[in-house]
Amino acid sequence: MVTLLIYGWVLAILLLMFTNERLGIALFIPYVILMPFFNPTILYVLVLVAYVLAKRRTGEDFSWDVGPTRPFFLFFVAFLCLIPFQSFTPIGAQIGYWCNEICTTMILPLLIWWEVQSDKTSYYLFRKVLIACILIVSIYGLLLTLSPGSNPYLFFLMDSIGIDAAQDLQTYTEAGDGRMFGRISSFFLHPMTFGLFLGMSLVYWISISHSQRDKYFYLTIVLLSLNAVFCGVRSVIAALFIVGVIYVVFERKIPVSKRTLVLFLVALVILSQIPYLQTYIGSIFGGSNDEVSGSSLDMRLMQYLGCLDEFMDSPWIGKGYAWHKYYVSTYGDHPILLAFESLVYVVLCDGGLMGVLIWCMFMIGYMIAVKRGVKHDFTLFLMLIAFYISYSCITGEFGYMKYFLLFFILLYIDRQSICHVDENVAESVAEEV
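Residues numbered from 1 in each chain as written. Predicted model: local features only at pLDDT ≥ 70, side-chain atom pairs only at ≥ 80, totals over all residues. Heavy atoms only, no water.

**Regarding unusual backbone geometry**
Applied cut-off: Helical segments are the DSSP runs of H or I of at least four residues, strand segments are the runs of E of at least two, and each set is numbered from the N terminus.
Of note, the phi angle at Ala322 is positive, near 60 degrees, even though the residue is not glycine. Within the secondary structure, Ala322 sits in the loop between helix H14 (297-313) and helix H15 (323-331). Unusually for a residue other than glycine, Leu338 sits at a positive phi of about 55 degrees.

Encoded structure:
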């Protein structure tokens, strides 16, 4: 029954791409976010083909312009050019990983960008859908604090499609190790992905509400912040702390800085009265902690040395695109680097010095794209990429870029003056959901 519903959802997306592209994309957004399974590369390709054919059929002018996603596109092209020269990973595996990542990362944001260019009011529909997803994910995340270690939604899906991994997932997510509510993943397969989504959502919500503060704004901030504290992923708190520092430094708003400092001190006092949270959050800044398991400073230094050993095997071009994924899928966890839980290890091992250069050029291209397309609020986009980079450096890169680009493209459109159409028209369009 569940499988039929999922197939029905996919079929509805494809059919709407031919009849009402805007609604088709609006239905595809929650599918990508809320459906942890059934996201194969072929689905993204089919959606893209359906969209292009629909535009051709209606005779609309269609451009393949990638717009502000150009730095992301060039990022993937640059790594593709390296593949023929990398011998540590089979070329077939590299191409397979590359195709999967470019399709799952690029296609949905490009569809959103293209549709907004032909119908600017469609942005308001997409924004409402994303906000609805944020609220659904966050509310469900808080509900899971009532049953630490349990996730009925994921367990039900696993059971429905015959995946026998629910027990392993529950063992990993159950309470303990200094985590009051265990590790919470909400609608995602892994708590780390949930943590990334929470941080991105918080930055995005602050950004689109930059000039408007009402009760809904503060309620949503509280909802996301509680999830960030209770989800059991310390990395999201550390990355948000970095984002907060960047905001204070670049905005240079003394009153905001004072309020932020006061709130931080009040939070420390409150947390000091809760033993579990005191130990849990304090472990972020400590070297090691007997009560909170996970990565310690000593462990990270040991992994860095192990990373250098792998890096020296091929320092210039690395061991191959997604070599770290190929290694884990073939041999299991690395004896020192484990699951490659830092973007630093991934970049150095997979791409060598050329990989570092490509990432640096990508970040420069990102800044240039924002500067050219958005005249104001540059700090908001800096906060977004700062969270993504800092979080990935702490936890690793496990398909996070597709969420980063989704939030980026919607924020980019929001801050562009071209999307500021009459709000009454926008509201009437959004009512179609």
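**Topic: the state of the cysteines**
Covalently bonding the sulfur atom of one cysteine to the sulfur atom of another cysteine gives a disulfide. For clarity, the cut-off: Two cysteine sulfurs form a disulfide in these notes if their separation is within 2.5 Å.
Applying the stated criterion across every chain yields a total of zero disulfides. Free cysteine Cys103: the closest other cysteine sulfur is in Cys99, separated by 6.3 Å.

**Some words on a nonpolar patch on the surface**
Just so we agree on the cut-off: Each patch is built from residues lacking any salt bridge and having more than 30% relative accessible area; the joining distance is 9 Å for like charges and 5 Å for nonpolar side chains (Val, Leu, Ile, Met, Phe, Trp, Tyr). Note on areas: these come from Shrake-Rupley sampling with a 1.4 Å probe, and a residue is covered only by the protein chains present in the view. Salt bridges are identified by distance alone: a Lys or Arg side-chain nitrogen within 4 Å of an Asp or Glu carboxyl oxygen. Note on classification: 1.4 Å probe, protein chains only; a residue is buried when its accessible area is under 20% of the maximum for its type, exposed when over 50%, partly exposed between these limits.
Among the surface-exposed residues, Phe18, Ile42, Val45, Leu46, Val49 and Leu53 lie close enough to one another that they form a single nonpolar patch of about 480 Å² accessible area. Residue contributions to the nonpolar patch peak at five residues, all from helix H3 (residues 41-58). As for its position among the elements, Val49 is in helix H3. A residue is classified by how much of its surface remains accessible, and Val49, at 40% relative accessible area, is partly exposed.

**Let's talk about the packing of aromatic side chains**
As a reminder of what qualifies: Ring pairs shown here join Phe, Tyr and Trp side chains whose ring centres sit within 6.5 Å, with only the six-membered ring taken for Trp; geometry is labelled stacked below 30 degrees between planes, edge-to-face above 60, and tilted in between.
Going through the model one piece at a time under the given rule, you end up with 39 aromatic pairs. Between Phe75 and Phe362, the aromatic rings sit 5.2 Å apart at their centres with planes inclined by 55 degrees, giving tilted as the arrangement. Of the two residues, Phe75 is situated in helix H4 (residues 70-82) and Phe362 in helix H16 (residues 343-373); the sequence distance between them amounts to 287 residues. Judged by relative accessible area, Phe362 falls into the buried class, the value being 2%.

**Points about the pattern of salt bridges**
Applying the stated criterion across every chain, the model contains 10 salt bridges. Here Asp119 makes a salt bridge to Arg22, at a shortest N to O gap of 2.7 Å. Taken together, the positions of Asp119 in the loop between helix H5 (91-118) and helix H6 (122-143) and Arg22 in helix H2 (residues 21-34) put the pair 97 residues apart, joining distant regions of the chain. Side by side, Asp119 and Arg22 carry an identical accessibility label, which is buried.

**Section: the packing of H16 against helix H18 (residues 401-415)**
Note the following rule: As a rule, the C-alpha atoms of each element are fitted with a line to give its axis, helices using only the stretch in contact, and angles between N-to-C directions run from 0 to 180 degrees. Every angle not falling under 35 degrees, over 145, or within 65 to 115 is termed oblique; those three ranges are roughly parallel, roughly antiparallel and roughly perpendicular. The crossing is said to be left-handed when, going from far helix to near helix, the turn is anticlockwise and less than a right angle, and right-handed when the turn is clockwise. Contacts are residue-level and defined by heavy atoms, with any inter-residue pair within 4.5 Å sufficient. By the convention adopted, Pro, Cys, Tyr, Trp, Phe, Met, Ile, Leu, Val and Ala count as nonpolar, Lys, Arg, Asp and Glu as charged, and the other residues, Gly among them, as polar.
Two elements in contact, H16 and H18, have axes separated by 12 Å at closest approach and are oriented at 15 degrees. Taken together, the axes of H16 and H18 lie roughly parallel to each other. The element H16 and its partner H18 pack so that their crossing is right-handed. Between H16 and H18, the contacting residues are Trp359, Phe362, Tyr366, Ala369, Val370 and Gly373 on the first element and Met401, Phe404, Phe408 and Tyr412 on the second. In terms of residue class, the contact of H16 with H18 is built from nine nonpolar, one polar and no charged.

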